[in-house]
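Structure assessment
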Amino acid sequence: MTSLLAISDLHIGYQENRRIVEEIRPTSDSDWLLVAGDVSEKVSDVEWALRLLGDRFEKVVWAPGNHELWTHPSDPVQLRGEERYRHLVEVCRDLGVVTPEDPYPIWTGPGGPVTVAPLFVLYDYTFRMPGVATKEEALALAYDKGVVCTDEMLLHPDPYPSRDAWCAARITETERRLEARTPGVPTVLVNHYPLVRDPTLILYHPEFAIWCGTERTADWHLRFDVHTMVYGHLHIPRTTWYDGVRFEEVSLGYPREWRPRSTVPGQLRQILPVPERAS
Ligand SMILES: [Fe+2]
Ligand SMILES: [Fe+2]
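Below: a short report on this structure. Just so we're clear, the structure is a prediction, and the values are computed from it rather than from any experiment. (Residues numbered from 1 in each chain as written. Chains lettered and ligands numbered in written order. Predicted model: local features only at pLDDT ≥ 70, side-chain atom pairs only at ≥ 80, totals over all residues. Heavy atoms only, no water.)

**Digging into the sheet that holds strand β2 (residues 32-35)**
- As summarised here, the arrangement of the 4 strands in space is β3-β2-β1-β10, forming an open sheet in which the pairing is mixed. What marks the edges here is a single partner per strand, and that holds for β3 (59-62) and β10 (269-272). Along the sheet, successive strands turn relative to each other by an average axial angle of 30°, direction set aside.
- Direction of pairing for β2 relative to β3: parallel, over a ladder of 4 bridges. Across the sheet, the residue bridging to Leu33 is Val60, located in β3.
- Each of β2 and β3 is contacted by helix α2 (residues 43-56), which is oriented at about 145° to β3, the strand it contacts most. (Pairing = 2+ DSSP bridges. Helix = DSSP H or I, 4+ residues; strand = E, 2+ residues; numbered from the N terminus. Axes fitted to C-alpha atoms, helices over the stretch in contact; angles between N-to-C directions. Contact = heavy atoms within 4.5 Å.)

Quick look at the structure:
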């Protein structure tokens, strides 16, 4: 049956993950695949994976993860921040892959119609620990605990003064796009980070939540007629519900994370039609 499928956090810098991606196949000729970020740190790897998937699926929709946005010393492409993001968007466009900068496509297959909106919203250090009032305090606490996201070293916000300033600009632009969407059609939102904080509450290191989203999207699942919210980044694959809205964490994750699980790694999550287990 034709399906709208999703996965994220392919992390193909790991050979085992690359082999899993090589085996990803649609279930029909007209399946779409949502890729919710963290394909790889290297632009050439991102291109390799999205080309392979783009050849197999009728449509591939991509939202950037923090790893794509790193300026990693091993990547010949040393672009930073907004320039790096725009370069990735151009790479995707050449492959026919839909990005947050393109018109939102409408899925008219089973379970549709829905507007599929890939988002790039980033984070702004507002998912702080209880009693922590500021970004500075939250960062100090994280450094103290030794729980520091590599973004602090490699995800440059240029030309914005900070990652939170870049996030603020992305929120403004994304709200404008979502408000201008086709009226009367529910949405499937695809963002690397969850739009609500709740999924981060089970993190092993709660200090890490500051790199996992923003409080400013807390009502988007209600505001923008959301059918399903697709995200990754946490590497905790599961289905949860907030205010009656389905949230799907669709990550593959690192080999050390998926290896101990009893489930087959690299299975695509069915978003539409709504599978039995999620209805
Ligand atoms: Fe990831
Ligand atoms: Fe991530």
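**Observations regarding the coordination of the iron ion (ligand 1)**
- Looking at the iron ion (ligand 1), one finds its protein donor set to be Asp9 (OD), His11 (NE2), Asp38 (OD) and His235 (NE2), positioned 2.0 to 2.2 Å from the metal centre.
- Between the two metal centres, the iron ion (ligand 1) and the iron ion (ligand 2), the spacing is 3.5 Å, with Asp38 acting as a shared donor. Placement of Asp9 in the loop between β1 (4-7) and α1 (15-22) and of His235 in the loop between β7 (226-231) and β8 (238-242) is noted, with a sequence separation of 226 residues between them. Pair check on accessibility: Asp9 and His235 agree, each one buried. (Donors = N, O, S within 2.8 Å, 3.2 Å for Na, K, Ca; no water. Buried < 20%, exposed > 50% of the residue type's maximum accessible area, 1.4 Å probe, protein only.)

**Some thoughts on the coordination of the iron ion (ligand 2)**
- Protein coordination at the iron ion (ligand 2): the donors are Asp38 (OD), Asn66 (OD1), His192 (NE2) and His233 (ND1), at 2.1 to 2.2 Å from the metal.
- What the 4 donor atoms of the iron ion (ligand 2) show is an angle range of 90 to 158° at the metal, which sorts the shape as irregular.
- In terms of primary sequence, the donors binding the iron ion (ligand 2) are separated according to D-x27-N-x125-H-x40-H.
- Judged by relative accessible area, His192 falls into the buried class, the value being 0%.
- When its relative accessible area of 8% is taken as the criterion, His233 is described as buried. (Tetrahedral: all angles 85-135°; square planar, octahedral: opposite > 155°, others 65-115°.)

**Description of unusual backbone geometry**
- A cis amide bond, omega 0°, links Gly112 with the succeeding residue Pro113.
- Examined against the element boundaries, Pro113 turns out to sit in the loop between β4 (106-107) and β5 (114-118).
- Cis geometry marks the peptide bond from Asp158 to Pro159, where omega comes out at 5°.
- On the secondary structure map, Pro159 appears in the loop between α6 (151-154) and α7 (163-179).
- Of note, Leu122 is a non-glycine position whose phi angle comes to about 65°, a positive value.
- Relative accessible area serves as the criterion here: at 1%, Leu122 is assigned to the buried category.
- One non-glycine residue, Tyr125, lies in positive phi territory at about 65°.
- Looking at the secondary structure, you find Tyr125 in the loop between β5 and α5 (135-145).
- Owing to a relative accessible area of 0%, Tyr125 belongs among the buried residues under this scheme.

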